[in-house]
Amino acid sequence: MSTQHLRLLSANIQAGSSTRRYSDYATRSWSHVLPTGGKRTSLDAIAQLAGQHDIVGLQESDPGSWRSGFTNQTHYLAERAGFDYWSHQPNRRMGAVASSANGLLSRLEPVEVADHALPGRISGRGVLLGHFGNGPEGLTVAVAHLSLGAQSRRMQLDFIAELLQDFPNAVLMGDFNCVVDCPEMGNLFRRTRLQPPACAVHTFPAWKPMRAIDHILVSDSLRCEGLRAVPAAFSDHLALSLNLEVPESALQR
């Protein structure tokens, strides 16, 4: 069976803000609402990293508000990194001051892109799906940013499991805000062909990674290797990079 090799990246980019220690959450809180703090420099560094990959999932990408200088950061990264195809899913908005979105960058043209609001005690979370190739056998890539609370995460993971259960060639990437063996992840693995990673890769906090809460989950029908954490400029999360081997039949249009 002929296959195609793809490089995947998942990155919580913190809207281009810089956090290098816990105290920055307090002392640099202004950078999360003001269009200053070297965001453009951070985005350029993230674009350089993203450009080494074929499909990129973004979390906390500002879709265009005061803090980003009304720049759609997903579009900016697509242009800077040379991606022909990009989509975004705005989720949370605090007036015109700050906003957040999931994003998908791709060198392959998706057949379809769909976005879904995720359930939860507090609204403002979503999952963005890109379908590559025709029919249910095509490659499906989902990007999500889950809630902090376990009860909301359980609802969200159940919802995602329902979306992906009929797709044998699937990837789910993003900021899960939980480790892979937490109880609420169980139903996702039972109802889909997604598999836990072979080893935990710590991604948070970026300056001293102690928790594996960002994940790239891959179906058992796909081969992957080389999972590693890499800096996403000065975001408080490290990004995850992965090499994926996909049957060419799953990418045929």
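The chain appears in an unreviewed UniProt entry as Endonuclease/exonuclease/phosphatase family protein from Luteimonas rhizosphaericola.

Right, let's talk about the overall build of the chain for a bit. The helix and strand tally for the chain stands at 5 helices and 12 strands. By the burial criterion, 54% of the 253 residues in the chain qualify as buried. At a minimum sequence separation of 6, the contacts of the chain that also span at least 24 residues come to 69%. As presented, the chain carries roughly 10,900 Å² of accessible surface, and 51% of it is formed by carbon and sulfur atoms.

Before going further, it helps to spend a moment on the pairing of strand β10 (residues 214-219). Buried residues dominate β10, accounting for 6 of its 6 residues. Of the two faces of β10, both are covered, the one formed by Asp214, Ile216 and Val218 as well as the one formed by His215, Leu217 and Ser219. Taken together, the 2 bridges between strand β9 (residues 194-195) and β10 define a ladder with antiparallel strand orientation. Among the inter-strand pairings, leucine 194 is bridged to a residue of β10, identified as serine 219.

Turning to the pattern of salt bridges, a few remarks are in order. In total, this model carries 4 salt bridges according to the counting rule given. One salt bridge in this structure joins arginine 153 and glutamate 184, with 2.6 Å as the shortest N-O distance. Taken together, the residues arginine 153 in helix α4 (residues 150-164) and glutamate 184 in the loop between β8 (170-175) and α5 (186-191) connect sequence positions 31 residues apart. In terms of burial, arginine 153 and glutamate 184 fall into one category: buried. Note that arginine 223 is salt-bridged to glutamate 245, the shortest N-O span being 3.8 Å.

Across a sheet, strands are paired by hydrogen bonds formed along the backbone, either parallel or antiparallel in direction. Read across the sheet, 6 strands follow the order β5-β6-β7-β8-β10-β9 without closing on themselves; strand pairing throughout is mixed. Single-partner strands in this sheet number two, and they are β5 (112-117) and β9. Examined bridge by bridge, strand β7 (residues 139-145) and β8 share 6 bridges and lie parallel to one another. Paired with valine 143 across the strands is methionine 173, a residue of β8. The sheet contacts of α4 involve β5, β6 (126-132), β7, β8 and β9, and relative to β6 the element is tilted by about 15°.

Before going further, it helps to examine the state of the cysteines. Each disulfide consists of a covalent bond between the sulfur atoms of two cysteine residues. Evaluated as defined, the whole model comprises 0 disulfides. Of the cysteine sulfurs around cysteine 182, a residue in no disulfide, the closest is that of cysteine 178, at 3.3 Å. Overall, cysteine 182 belongs to the buried group, its relative accessible area being 11%. Here cysteine 199 is not disulfide-linked; the sulfur of cysteine 224 is the nearest cysteine sulfur, at 9.8 Å. For cysteine 199, a relative accessible area of 45% corresponds to the partly exposed category.

There is about 230 Å³ of room inside the second largest pocket. Around the second largest pocket, the lining comprises 16 residues; the ones closest to its centre are Pro196, Pro197, Ala198, Cys224 and Leu242. Elements supplying a minimum of two residues to the lining of the second largest pocket: β10 and β11 (223-231). By residue class, the composition of the lining of the second largest pocket is 11 nonpolar, 3 polar and 2 charged.

A few words on the side chain of serine 106. Along the chain, the position of serine 106 falls in strand β4 (residues 98-106). On the basis of relative accessible area, serine 106 is assigned to the buried category, the value being 2%. A polar contact is formed between the side chain of serine 106 and the backbone oxygen of leucine 108, at a distance of 2.6 Å. Residues contacting serine 106, with those up to four places away along its chain left out, are Asp54, Ile55, Phe83, Asp84, Tyr85 and Phe132.

Of all hydrophobic cores here, the largest spans 21 residues; its most connected members are Ile55, Leu139, Val141, Val171 and Val246. Among the elements of the structure, β1 (3-12), β6, β7, β8, β10 and β12 (238-247) are those that each provide at least two residues to this core. Residue contributions to this core peak at 4 residues, all from β12. Setting aside its immediate chain neighbours within four residues, isoleucine 55 contacts Leu6, Arg7, Leu8, Leu9, Leu104, Leu105, Ser106, Phe132, Leu139 and Val141. With 20 residues, the next largest nonpolar core counts Val127, Ala144, Leu157 and Cys182 among its residues.

The rules behind each value
Residues numbered from 1 in each chain as written. Predicted model: local features only at pLDDT ≥ 70, side-chain atom pairs only at ≥ 80, totals over all residues. Heavy atoms only, no water. Helix = DSSP H or I, 4+ residues; strand = E, 2+ residues; numbered from the N terminus. Buried < 20%, exposed > 50% of the residue type's maximum accessible area, 1.4 Å probe, protein only. Contact = heavy atoms within 4.5 Å. Areas by Shrake-Rupley, 256 points an atom, 1.4 Å probe, with all protein chains shown as cover. Pairing = 2+ DSSP bridges. Salt bridge = Lys/Arg side-chain N within 4 Å of Asp/Glu carboxyl O. Axes fitted to C-alpha atoms, helices over the stretch in contact; angles between N-to-C directions. Disulfide = S-S within 2.5 Å. 1 Å grid on protein atoms, 1.4 Å probe; cavity = no way out; pocket = protein on both sides within 12 Å on 5 of 7 lines; lining within 4 Å. Points joined across faces, edges and corners; volume = space filled by probe spheres on them. Nonpolar A, V, L, I, M, F, W, Y, C, P; charged D, E, K, R; others polar. Polar contact = N/O pair within 3.5 Å; in protein donor to acceptor, adjacent residues only side chain to side chain. Core = buried A, V, L, I, M, F, W, Y, C linked by side-chain atoms within 4.5 Å.

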